[in-house]
Amino acid sequence: MTHAATLQDLVAAARKAGADAADALLVSAAALSVSRRLGQIEQLERAEAFDLGLRVFVGQRQAIVSATDPSPKGFAALAERAVAMARAVPEDSYAGLPEAPDGLVAVDLDLADPVEPTAEQLIARAAAAEDAAMAVRGVTNSEGADAGYSRSVIALAASNGFAGEYVRTSHSISATALAGQGTGMERDYDYSTAVYLADLEDAATLGRRAGEKAVARLNPTRPKTARIPVVYDPRVAASLLGHLAGAINGAAIARGTSFLQGRLGQRVMAAGIRVVDDPTRRRGLRSRPFDGEGMKGTRLAIIEDGVLTTWVLDLRSARQLGMSSTGHASRGTGGPPSPSLTNLWLEPGSMTPTALMADIREGLYVTELIGMGVNGVTGDYSRGAAGFMIRDGALAEPISEITIAGNVRDMLLHLTPADDLQFRRGTDAPTIRVEGLTMAGA
């Protein structure tokens, strides 16, 4: 019996217990991971988990219960408990299932790598990354290297007739290096995650890059406060998309707590800029054939030629706003769905990063951001940062202990992407230049 078929039995038990409608989610996962530091294995762990969540509706009341026992023997009791809870909570006029099944994505998303590494292979991968980092001249210590693998099965069934399941695998490698001595030490890191092992970055290359980044940060200075252009390294450029994602989340729009409230259909970025979300990208880190409510996701140009085209909606937020779901419901087994983006990226521009910086007499190149200093209502932005000064179009001395400030609405309107987009993190952006931010330093 498939997991989806098992869930259909649970949904049937909920209906028998008195639910008007119900859906059930199952997540079964197995993971193997290793941590290595200074040549010694610090941790080798295998973990397996099974989580089951049942959501029931009694009229316009809903309740959710979760369990870790997959045995159908307990389904009746689980369903009765959920229905009793639903009868005791207030009504929610926006809650409910889709009226009819939306169907599954027709294309093969290629999310399951048949290659499962052994513990010895993961140990060798972590060793290659750490050894390469330690071999970099100037690296004096290590915070270690990690390698991991996981395989998850996600299944969903609902009383409206929907039933589906899929498998996702993940391979990962990371390394963190330290350079310098005493109070002058600096650290940096690198990592790679991929659905398929064949797409994972070479461990030694990654480790060497982590070491080189740490050495490059030695002897930082603290520059004077100035209003200057800021260039975001791709590693941190994606954070700007994260702020955009929060602002177009349907739940935030329904609450009236977004700095982009009322801007649908208006220009929020420069002409020519495009931001895409695609849950159907092959081997995408966040790809899926259906969302947490059984809705089929499709590729969306969220920003088209600088214009905001859509909010990101699950069923509840869509009903609140008088709109339709965009297929972006995300959920766990213990809570209700909420809107969430999948594979999100800013499409690349036409200039190389070098060309993007060429005319900057004095500017800032950011490689690390600290804190979450963004006001979701006003867009005010203030974050700790570290990186390098840009002088006469080239990277210069390392800097730290600074703050960059502005407003995300203005930042989105005045950003320029470079041409170096790579899909590495699920939310991805190329190098980005933003004009007119305040760098608070000495």
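Residues numbered from 1 in each chain as written. Predicted model: local features only at pLDDT ≥ 70, side-chain atom pairs only at ≥ 80, totals over all residues. Heavy atoms only, no water.

**Q** So, the sheet that holds strand β2 (residues 40-58): which residues are in play, and what are the values?
**A** Pairing is antiparallel in the open sheet, where six strands are placed in the order β3-β2-β1-β4-β5-β6. The open sheet is flanked by β3 (61-67) and β6 (186-194), the only strands paired with a single partner. Averaged over all neighbouring strand pairs, the angle between strand axes comes to 20°, with direction disregarded. Packed onto the sheet, helix α2 (residues 75-86) meets β2 and β3 and runs at close to 145° relative to β3. (Pairing = 2+ DSSP bridges. Helix = DSSP H or I, 4+ residues; strand = E, 2+ residues; numbered from the N terminus. Axes fitted to C-alpha atoms, helices over the stretch in contact; angles between N-to-C directions. Contact = heavy atoms within 4.5 Å.)

**Q** Summarise the side chain of Arg 36; cite the residues concerned and give the values.
**A** Tracing the chain through its elements places Arg 36 in strand β1 (residues 21-37). In this structure Arg 36 comes out as buried when scored by relative accessible area, which is 12%. Beyond its immediate chain neighbours, meaning those up to four positions away, Arg 36 contacts Ile 41, Glu 42, Ala 126, Ala 127, Glu 130, Asp 131, Gly 144, Ala 145 and Asp 146. (Buried < 20%, exposed > 50% of the residue type's maximum accessible area, 1.4 Å probe, protein only.)

**Q** Tell me about the nonpolar core, and name the residues and values.
**A** The nonpolar side chains of soluble globular proteins are, as a tendency, buried together. Ranked by internal contacts, the top residues of the largest apolar core, which has 47 residues, are Tyr 232, Met 269, Leu 346, Leu 364, Ile 404 and Ile 432. In terms of residues, this core owes the most to one element, helix α5 (residues 234-247), which gives seven residues. If you look at the next biggest cluster of nonpolar residues, it comprises 24 residues, including Leu 7, Ala 19, Ala 63 and Ala 157. (Core = buried A, V, L, I, M, F, W, Y, C linked by side-chain atoms within 4.5 Å.)

**Q** Can you break down the packing of aromatic side chains residue by residue, with the values?
**A** Here the distance between the centres and the angle between the planes together describe a pair of aromatic rings. Scanning the entire structure with this criterion turns up four aromatic pairs. Ring centres of Tyr 189 and Tyr 191 lie 6.4 Å apart, and the angle between their planes is 15°; on these two criteria the pair is classed as stacked. Classification of Tyr 189 by relative accessible area gives partly exposed; the value is 27%. Ring centres of Trp 345 and Phe 423 lie 5.0 Å apart, and the angle between their planes is 80°; this geometry places the pair in the edge-to-face category. Taken together, the residues Trp 345 in strand β13 (residues 344-346) and Phe 423 in the loop between β17 (415-417) and β18 (427-428) connect sequence positions 78 residues apart. (Phe/Tyr/Trp six-rings, centres within 6.5 Å; stacked < 30°, edge-to-face > 60°.)

**Q** Please give an account of helix α3 (residues 119-134) that cites residues and values.
**A** Working note: α-helix, 3.6 residues per turn, so residues spaced by three or four point in the same direction. With 16 residues, α3 extends 22 Å from end C-alpha to end C-alpha; this agrees with the ideal 22 Å at 1.5 Å per step. For α3, the complete set of buried residues consists of Ala 119, Leu 122, Arg 125, Ala 126, Ala 127, Ala 129, Glu 130, Ala 132 and Ala 133. (Expected span 1.5 Å × (residues − 1).)

**Q** Provide a residue-level description of the pattern of salt bridges, including the pertinent values.
**A** Counted according to the given criterion, the structure contains 28 salt bridges. Here Asp 188 and Arg 235 are joined by a salt bridge, their closest N and O atoms 2.9 Å apart. Taken together, the residues span a long stretch of sequence, with Asp 188 in strand β6 and Arg 235 in helix α5 at a distance of 47 residues. There is no split in this pair, since Asp 188 and Arg 235 are both buried. By sharing partners, the salt bridges in this structure join Asp 190, Glu 201, Arg 209, Lys 213 and Arg 424 into a single network. (Salt bridge = Lys/Arg side-chain N within 4 Å of Asp/Glu carboxyl O.)

**Q** Please give an account of the pairing of β6 that cites residues and values.
**A** Burial along β6 is one-sided: Glu 186, Asp 188, Asp 190, Ser 192 and Ala 194 are buried, and none of Arg 187, Tyr 189, Tyr 191 and Thr 193, which face the opposite way, are. Pairing of strand β5 (residues 163-179) with β6, which is carried by nine bridges, proceeds in the antiparallel orientation. Note that in β6 the partner of Ser 172 across the bridge is Thr 193. Counting the residues in the hairpin turn of β5 and β6 gives six residues, including Gly 180, whose phi is positive at 85°.

**Q** Summarise the environment of Arg 208; cite the residues concerned and give the values.
**A** Relative to the assigned elements, Arg 208 resides in helix α4 (residues 203-216). Separated by 18 residues in sequence, Arg 208 and Asp 190 place their C-alpha atoms 9.2 Å apart. In contact with Arg 208, other than residues within four places in its own chain, are Ala 132, Ala 133 and Val 136.

**Q** Residue-level account of the environment of Glu 130, with values.
**A** Structurally, Glu 130 is set in helix α3. Taking C-alpha positions, Glu 130 is 50 Å from Ala 79, a pair spaced 51 residues apart along the chain. Not counting residues up to four positions away in its chain, the partners in contact with Glu 130 are Arg 36, Arg 37, Leu 38, Gly 39, Ser 142, Gly 144 and Ala 145.

**Q** I'd love a proper account of the pairing of strand β15 (residues 380-391), names of residues and values included.
**A** Summarising the sheet, strand β14 (residues 362-370) and β15 pair through eight bridges and their orientation is antiparallel. Across the sheet, residue Ile 370 finds its bridge partner in β15, namely Gly 384.

**Q** Provide a residue-level description of α4, including the pertinent values.
**A** Under the 1.5 Å per step criterion, the end-to-end length of α4 is 20 Å for 14 residues, consistent within 8% with the ideal 20 Å. Ala 203, Leu 206, Gly 207, Ala 210, Gly 211 and Ala 214 are the residues of α4 that are buried. Looking straight down α4, one finds that the buried residues subtend no more than 135° of arc, so they occupy a single side. At its buried positions, α4 is contacted by α3, β4 (139-158), β5 and β6. Of the residues that open α4, the one with a side-chain oxygen 3.3 Å from the backbone nitrogen of Ala 204 is Asp 202. (Arc of directions from axis to C-beta. Polar contact = N/O pair within 3.5 Å; in protein donor to acceptor, adjacent residues only side chain to side chain.)

**Q** Residue-level account of the sheet that holds strand β9 (residues 300-304), with values.
**A** As a general point, the strands of a sheet are linked pairwise by backbone hydrogen bonds and lie either parallel or antiparallel. The five strands lie next to each other as β10-β9-β8-β13-β18, forming an open sheet whose pairing is mixed. Strands at the two margins of the open sheet, each flanked by one partner only, are β10 (307-308) and β18. Inspection of the sheet shows β13 paired to β18 by two bridges, in the parallel sense. The partner of Trp 345 across the bridge, within β18, is Asp 428.

Purely geometric numbers; function is a separate question.
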